[in-house]
Number of protein chains: 2
Amino acid sequence: MMQTPLVLTDFVKRAERYFPKKLIISRTAEDTIHRITYKEFGQRTRKLAAALTKLGMKRGTKVGSFAWNHHRHLEAYFAVPCAGAVLHMINIRLSPEHIIYIINHAEDEILLIDGDLFPLVEKAIPLLKSVKHIVVMQDGLELPETNLDHVHSYEQLLAEAGEGYEFPEDLDENLPAGMCYTSATTGFPKGVVYTHRSLVLHSIALGLADSLGLRENDVAMPVVPMFHVNAWGMPFAAVNFGTTQVLPGPMFTPALLLDLIEQEKVTLTAGVPTIWLGTLKELEQKPRDISSLRAIVCGGSASPKGLIQAFEEKYKVPFIVGYGMTETTPIVSLSTYTSEMEQWSKEKKLDIRATQGLTVSLVETRIINDHGEVPWDGKTMGELKIRGPWIADEYYHDERTAEAFKDGWLYTGDIAVMTPEGYIKITDRVKDLIKSGGEWISSVDLENALMTHQDVFEAAVIAMPDEKWQERPLACVVLKEGRKTTKEALLSYLEGQFAKWWVPDDVVFLSEIPKTSVGKFLKAKLREDLKEQKL
Amino acid sequence: MMQTPLVLTDFVKRAERYFPKKLIISRTAEDTIHRITYKEFGQRTRKLAAALTKLGMKRGTKVGSFAWNHHRHLEAYFAVPCAGAVLHMINIRLSPEHIIYIINHAEDEILLIDGDLFPLVEKAIPLLKSVKHIVVMQDGLELPETNLDHVHSYEQLLAEAGEGYEFPEDLDENLPAGMCYTSATTGFPKGVVYTHRSLVLHSIALGLADSLGLRENDVAMPVVPMFHVNAWGMPFAAVNFGTTQVLPGPMFTPALLLDLIEQEKVTLTAGVPTIWLGTLKELEQKPRDISSLRAIVCGGSASPKGLIQAFEEKYKVPFIVGYGMTETTPIVSLSTYTSEMEQWSKEKKLDIRATQGLTVSLVETRIINDHGEVPWDGKTMGELKIRGPWIADEYYHDERTAEAFKDGWLYTGDIAVMTPEGYIKITDRVKDLIKSGGEWISSVDLENALMTHQDVFEAAVIAMPDEKWQERPLACVVLKEGRKTTKEALLSYLEGQFAKWWVPDDVVFLSEIPKTSVGKFLKAKLREDLKEQKL
């Protein structure tokens, strides 16, 4: 068989050849929507590759992007790797200290920065050791006012680039193509390098009828940022399939997203639960026609059942939960139904939807404890480990590799159970799990239960050291505005739902739960803050 | 990224793990339908691998199969390659001389033969130089009466094999997994070797929503034989997706196929036009409920528009034409619609359906003539060339490799045009093309037109040597039973439809058109038979 490599270049060529008239629609400002065709996308991507090459981009050069979801970022998604270089998608929500660290650690030589984000980065630039050129991505040819040298206008570079750039034909499929950093519990973020092969196979997997079934006649809107795990791989895949793309730019407000869904007849969209909670609220205030949607994909953290139910029952939009992480490109599993479930009751189907789903083709998962793989009983907890062709096998130049990658598997640090149907259900993080008297208590299960209480806005449950039991749960609760309740009321609310020894020993009421840059609970900080708390 | 190889073993494991209760249904005789689960399939496949290993199968050993579509053949599809050996699927319709040649050429050491086919092969066995063991696949433990040594019962071998065989974990994705031979115009058949990687990627491609979208909730019935280009890859893919499979055994009659579709609620089926012409006739005589079908896939030779129309309009079943060959695993293109076509007129959509379709993801095609790639005008003819990860790069130990594989492309020998939408339309074989006065005339176009005439059953158009024009077309026509017409009537029928110089110079009436073992016109023989024919 031919040794034709699996490289992203073929995606650009396929879009140019077969789908030249299909559209990439991007909102770069509230009142500015760009529509470019895949033909123009191909031309601009080739020009960008030529321009960056002129600036010194070579095989293996790291090019950082600091940008929202728009067509210029999409052009960089392909121009950089297809020229043999590596696109480092910088998470703009990291702390300035971490952003400086990852740019230096990746050794980015060129930075592509959105015009509206430029002021944020400008001050830090003298601290960036490897950066030689800054390219500002915005409409028009002007540049922001700055004293810095080597600042270029993206559109000016493209205007000056000649036609006819051809991507190299000799790329190996195992060449690095992209990289993202993921925040760590302690210390600096850890880098993950994606290869052409991993991104191509992951893209193809998104097109499987049994996964997202992404296809040419879709209108796909990734709401997950393009600086966050490849926007879950959607922009890469969409180019291959010739799918119309709707890129919301910096405008992630529920109202503007819903307007885009209605106006552009979006069929498939993906984002975190917070986004969909927001759109649900907005929809109730100002209804929109979202009937074009054939599915919403949700991941990043657990999706409340009420959210799933609202979209599925009120708006008739299948709401599919997915699981993945920066280390997994990210798609590992999706809560799609198998044929046996089609006739199940509404409640049973909702239970399945709320799991992290069935492992997709080409990926292997195991949930293991000290006795090996856990039984598929939906109850026995273990750590989730993963392997497959789009799963990382190391952190980039980082000795923390040894903690997560063992025996050919990625140990996720996620605690999960397996349903009898083989669906993964995450119950906790290893580090947040409460070990009480030799047994495990899931902090997430307790939190989810607390958050269904009418007076509770947010809840985090953490482990507190205990002389007798080793650890005991403590509930940290933020009440809804204007609501009141007591510790006793909350604990008795839990007593009906859990074994007695699971129920927290105490409740503290807080004004807010500390969170990470991507909105996850910072339990380490809570534990630190509350370590003097008497149980 | 992890270097997890793309190997067929993962397909078996996935089916065992996630779809243990799903069914493989096979009809081994008119009154015998077997239903085994994927769990049983996994157990039996492992036992078969253990039993064949005991018979001497090692890494790289060639194991021939001489069998119809049934669960035992499916077990061999996986047991052999997953143990590191190579399954040679022998086309039972080849001539005895060719069958002996290919078994000797592949150096098959073990043959798996259907009980009802055993008498056909028995006499030839002394001529097979490398074969050491014969395994007879049939229900029950008995063996056919024979004087040969080393003849084993498949079910007996499985009954004796222990549990717990584990497939090797160190298979390289580029290892040979399977092979098929394809008949050549002249000389012996040519061998094509499939690797694990090529079969895995091809299987995944069949699951793409934009190709066949094969998925778990399908009930797939490959009517194309499992000895013919991997049954178009369907059995491999179905195991990965956990798709219910319906395997019709040796029973390829329209009536029995339609019974299976109705009884087992088949959703997707694939076969050659002859099969669907037969089922259409049968349906008219004895209606069946075929509403479970979501698509029929048809390939192998051109599909008459009337056939497509009948299924799509009368039975509301999308009829998708595909293109491929033994050298291409085989799927290269499919006549699915893109979004722009959804609103087209019935006639325009039918025209698209009747093409060989749009090139699938990961494969590249070009139609070229002396000036490079032909314009996408639906008119300019050129030769189709192909490359991609499941396209062969050689014939197995065969010096004819140099004729077909050049500059990294497979030259198909098929003459085609490209529609403005990028759909391939095969117009002829290179060797059947008629070169008249420096221009090309498509024999296939003329044949298709003749076959729409009310009195014509079959028609072949061949090139006859001509002093002035180099070559001129001659029409060879078989009339429908009881019908009569004249040469003049047929030629004037064509005159309205083609340029004057395309119209054949003469018509000969025959009682039948000579055909190859797979039902294709043997034009070389026609040319030979008619070489004295005066034009």
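Residues numbered from 1 in each chain as written. Chains lettered and ligands numbered in written order. Predicted model: local features only at pLDDT ≥ 70, side-chain atom pairs only at ≥ 80, totals over all residues. Heavy atoms only, no water.

Here the focus is the overall build of chain A. Within chain A one finds 16 helices and 27 strands. Against the globule reference of 24 Å for 535 residues, chain A gives a C-alpha radius of gyration of 24 Å, in line with a compact fold. Per-residue burial over chain A gives 62% buried out of 535 residues. For chain A, the proportion of contacts with a sequence separation of at least 24, taken over those separated by at least 6, is 67%. Here chain A displays about 21200 Å² of accessible surface, and carbon together with sulfur accounts for 51% of that area. For chain A, the distance from the average site of its 59 positive side-chain charges to the average site of its 73 negative ones is 3 Å. (Helix = DSSP H or I, 4+ residues; strand = E, 2+ residues; numbered from the N terminus. Rg over C-alpha atoms; globule rule 2.2 N^0.38 Å. Buried < 20%, exposed > 50% of the residue type's maximum accessible area, 1.4 Å probe, protein only. Contact = heavy atoms within 4.5 Å. Areas by Shrake-Rupley, 256 points an atom, 1.4 Å probe, with all protein chains shown as cover. Lys, Arg positive; Asp, Glu negative; His and termini not counted. Charge placed at Lys NZ, Arg CZ, Asp CG, Glu CD.)

Attention now moves to the sheet that holds strand β16 (residues 358-359) of chain B. As a general point, the strands of a sheet are linked pairwise by backbone hydrogen bonds and lie either parallel or antiparallel. All names here are of chain B. What the nine strands build is an open sheet, ordered β2-β1-β11-β10-β12-β13-β14-β15-β16; its pairing is mixed. The sheet is open, and its two edges are formed by β2 (32-37) and β16, each paired on a single side. Direction of pairing for strand β15 (residues 333-334) relative to β16: antiparallel, over a ladder of two bridges. Along β16, the bridge assignment pairs Ser 333 with Thr 359. (Pairing = 2+ DSSP bridges.)

Before going further, it helps to spend a moment on the side chain of B:Ser198. By the element assignment, B:Ser198 lies in helix α7 (residues 196-206). Separated by 2.9 Å, the side chain of B:Ser198 and the backbone oxygen of B:Thr195 make a polar contact. Each residue touching B:Ser198, except ones within four places of it in the same chain, is listed here: A:Met1, B:Thr329, B:Pro389 and B:Trp390. (Polar contact = N/O pair within 3.5 Å; in protein donor to acceptor, adjacent residues only side chain to side chain.)

Attention now moves to the relation of the copies chain A and chain B. Here the two chain copies are tied together by a rotation about an axis and a shift along that axis. Of the transformation superimposing chain A on chain B, the axial component is 0.1 Å and the angular component is 180°, with the fit at an RMSD of 0.1 Å. On this basis, the relationship between the two copies can be described by a two-fold rotation axis. When the interface residues of chain A are mapped onto chain B, 100% of them are again interface residues, pointing to one common binding face. (Least-squares fit on C-alpha atoms with pLDDT ≥ 70 in both.)

What follows deals with the interface of chain A and chain B. When the parts of a complex come together, some accessible area is lost, and that lost area is often used as the size of the interface. Each partner contributes to the interface: chain A provides 65 residues, whereas chain B provides 65 residues. Summing the contributions of chain A and of chain B, the shared interface buries around 4900 Å²; its carbon and sulfur component is 51%. When residues of chain A are sorted by the area they lose upon contact with chain B, A:Met1, A:Met2 and A:Arg17 head the list and together hold 19% of the total. Taking the shortest distance from any N to any O, the salt bridge between A:Lys21 and B:Glu340 comes out at 3.8 Å. At the boundary of chain A and chain B, one finds 36 residue pairs in polar contact (both at pLDDT 80 or more). Looking at the side of chain A that touches chain B, the elements that each hand over two or more residues are α1 (9-18), β9 (190-195), α7 (196-206), α8 (234-241), β16 (358-359), β17 (364-369), β19 (382-387) and β21 (409-418) of chain A. Classifying every residue of the side of chain A that touches chain B by side-chain character gives 29 nonpolar, 18 polar and 18 charged. (Buried area = accessible area lost by both parts, 1.4 Å probe. Salt bridge = Lys/Arg side-chain N within 4 Å of Asp/Glu carboxyl O. Nonpolar A, V, L, I, M, F, W, Y, C, P; charged D, E, K, R; others polar.)

Residues and elements named next belong to chain B. The N-to-C vectors of helix α3 (residues 71-82) and helix α8 (residues 234-241) enclose an angle of 80°; their axes lie 11 Å apart at closest approach. Classified by the interaxial angle, the pair formed by α3 and α8 is roughly perpendicular. Residue-level contacts link Leu 74, Tyr 77 and Phe 78 of α3 to Pro 235, Phe 236 and Val 239 of α8. Considering only residue class, the contact of α3 with α8 consists of six nonpolar, no polar and no charged. (Axes fitted to C-alpha atoms, helices over the stretch in contact; angles between N-to-C directions. Parallel < 35°, antiparallel > 145°, perpendicular 65-115°, else oblique.)

Scanning all chains against the criterion turns up 70 salt bridges over all chains. Two residues, A:Asp432 and A:Lys431, come together in a salt bridge whose shortest N-O distance is 3.8 Å. By relative accessible area, A:Lys431 is classed as partly exposed at 37%. Each member of the salt-bridge network shares a partner with another, and the members are A:Arg17, B:Glu364, B:Arg366, B:Glu373 and B:Arg387.

This next bit is on the nonpolar core. Grouped together as the largest cluster of nonpolar side chains are 188 residues, with contacts concentrated most on A:Phe78 and B:Phe78. Discounting chain neighbours no more than four positions away, the residues touching B:Phe78 are B:Leu8, B:Phe11, B:Val12, B:Phe41, B:Thr45, B:Pro235, B:Phe236 and B:Val239. Ranked by size, the runner-up nonpolar core spans 58 residues in total, among them A:Ile92, A:Leu117, A:Ile275 and A:Tyr315. (Core = buried A, V, L, I, M, F, W, Y, C linked by side-chain atoms within 4.5 Å.)

A separate point is the pairing of strand β13 (residues 295-298) of chain A. Residue and element names in this part refer to chain A. On β13, burial covers both faces: Ala 295 and Val 297 on one face and Ile 296 and Cys 298 on the other are all buried. Pairing geometry for strand β12 (residues 268-271) and β13, over four bridges, is parallel. Note on β13: the bridge partner recorded for Ala 270 is Val 297. In this fold, β12 hands off to helix α10 (residues 273-285), which returns the chain to β13; that crossover is right-handed. Here three bridges tie β13 to strand β14 (residues 319-323), and the two strands are oriented parallel to one another. Bridge pairing in β14 links Cys 298 to Val 321. Viewed along the sheet, the connection from β13 through helix α11 (residues 305-314) into β14 turns out right-handed. (Right-handed = clockwise from strand over helix to strand, strands pointing away.)

Per-chain confidence: chain A averages 95 in pLDDT, with 99% of residues scoring 70 or above. The complex model carries a pTM of 0.93, and its ipTM stands at 0.92. (pLDDT = per-residue confidence, 0-100.)

Residues and elements named next belong to chain B. Contact pair helix α1 (residues 9-18) / helix α2 (residues 38-54): the axes reach a minimum separation of 8 Å and the direction vectors enclose 140°. In terms of axis orientation, α1 runs oblique to α2. The two elements α1 and α2 cross, and the hand of that crossing is left-handed. Seen from α1, the contacting residues are Val 12, Lys 13, Ala 15 and Glu 16; seen from α2, they are Tyr 38, Phe 41, Gly 42, Gln 43 and Arg 46. In the contact of α1 with α2, the residues fall into four nonpolar, two polar and three charged. (Left-handed = near helix turned anticlockwise from the far one by under 90°.)

So, on to α7(A). Most of α7(A) sits inside the fold, with eleven of its eleven residues counted as buried. Those residues of α7(A) not exposed but buried are A:His196, A:Arg197, A:Ser198, A:Leu199, A:Val200, A:Leu201, A:His202, A:Ser203, A:Ile204, A:Ala205 and A:Leu206. Against the buried residues of α7(A) lie α1, α3 (71-82), β8 (176-182), β9 and α8 of chain A together with α7 of chain B.

A separate point is the environment of B:Glu145. Residue placement: B:Glu145 occurs in the loop between β6 (133-137) and β7 (151-153). Sequence separation of B:Glu145 and B:His397 is 252 residues, and the distance between their C-alpha atoms is 36 Å.

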